[in-house]
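Here is what each chain is made of, one letter per residue.
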Amino acid sequence: MNKSPIGIFDSGIGGLTVVKAVQAALPFERIIYFGDTARVPYGPKSQITIRKYAADDTAMLMRYQPKIIIVACNTVSALALDIVEKSCGHIPVTGVLKAGARLAAEVTKNNRVGVIGTLATVSSNAYGLAINQINEEIEVISQACPLFVPLAEEGFIDHPATKLIAAQYLAEITQKGIDTLVLGCTHYPILRKVIEETVGPEITIIDSADAVALRTRELLTEAGLLASTRNATTPHLLVSDLPQKFSMLYQLFMGSEMPDVELVEV
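Residues numbered from 1 in each chain as written. Predicted model: local features only at pLDDT ≥ 70, side-chain atom pairs only at ≥ 80, totals over all residues. Heavy atoms only, no water.

**Here's the deal with the side chain of Thr-58**
- You can see Thr-58 is positioned in helix H2 (residues 47-62).
- Setting aside residues no more than four positions away along its own chain, Thr-58 makes contact with Phe-9, Ile-69, Val-84, Ser-87 and Cys-88. (Helix = DSSP H or I, 4+ residues; strand = E, 2+ residues; numbered from the N terminus. Contact = heavy atoms within 4.5 Å.)

Okay, structure coming up:
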């Protein structure tokens, strides 16, 4: 099992932020990443559909016999983590939502935390519930930002349209006195520069990708499953559509050479 890969899945390119964080925390681990680019975005879909997609995505990664699965999709973390856990059997599962909630609860000083995410994640109130399980005195203010996912998927990192939309989405939530803002979708760190400029330096940004990478290291260490070799490897990337576009965006977001991307059927 030590030689088995870490499996990561997301609805599209957003999970690459988790891949990058895991590589930084665990540089010698093999990574299998599946981006469901044929069916992105997950956020506007019904819970029934999201749970079906979660089962499909998990089955895709299970073909590679992973030693742990990371759910890099906040929408799946909020609405279908139990489906992933049942599909994996004894293999440990961790999701970005609980890791991000834990870090936000630790960081806030005035107990006012903002959360931005997809419509499905915000409607579920999963972040609010997870944060209040840790500290019931924290007030959680949530805001859906559905256009952030397609903007990230198009690579509009510093586009004027992105800045206008960010200002519109974030105006109300930043007036509520929050000192911490959770990026409750793994696509959102791709737009982090614009988000930071919009909310200002006094608000701490929580990137759940970093939090889940640290949690993954803890779980693998506790289970004695850390890689025994000291050879860094490039991730094995799988997508359900548009491999060429994915490769180009990978270069843009990861700052590394174009990888081989395998097209698979879900």
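Picking up after the structure, the text goes on.
**Here's the deal with the packing of aromatic side chains**
- Throughout the structure, instances matching the rule amount to 4 aromatic pairs.
- Each ring, one from Tyr-42 and one from Tyr-53, has its centre 5.0 Å from the other, and the planes form 50 degrees; the classification is tilted. Of this pair, Tyr-42 sits in the loop between strand E2 (31-35) and H2 while Tyr-53 sits in helix H2, and the two are 11 residues apart along the sequence.
- In this structure Tyr-53 comes out as buried when scored by relative accessible area, which is 12%.
- Three or more aromatic residues joined by ring pairs make a cluster, and in this case those are Phe-148, Tyr-169 and Tyr-188. (Phe/Tyr/Trp six-rings, centres within 6.5 Å; stacked < 30°, edge-to-face > 60°. Buried < 20%, exposed > 50% of the residue type's maximum accessible area, 1.4 Å probe, protein only.)

**Examining helix H11 (residues 208-223)**
- Helix length check: H11 (16 residues) gives 22 Å between terminal C-alpha atoms against 22 Å at 1.5 Å per residue, within 8%.
- If you check which residues of H11 are buried, you get Ser-208, Ala-209, Ala-211, Val-212, Ala-213, Thr-216, Leu-219 and Leu-220.
- With a side-chain oxygen positioned 2.9 Å from the backbone nitrogen of Ala-209, the residue opening H11 is Asp-207.
- Once H11 ends, the next one or two residues include Gly-224, with phi positive near 65 degrees. (Expected span 1.5 Å × (residues − 1). Polar contact = N/O pair within 3.5 Å; in protein donor to acceptor, adjacent residues only side chain to side chain.)

**Focus: helix H4 (residues 81-88)**
- Where H4 is concerned, the buried positions are Leu-81, Ile-83, Val-84 and Cys-88. Down the axis of H4, the buried side of the element spans an arc of 160 degrees, and every buried residue falls inside it.
- Turning to H4, the residues buried within the fold contact strand E1 (6-10), H2, strand E3 (68-71), helix H3 (74-79) and strand E4 (93-95).
- In the segment just after H4, Gly-89 is the residue with positive phi, at about 65 degrees. (Arc of directions from axis to C-beta.)

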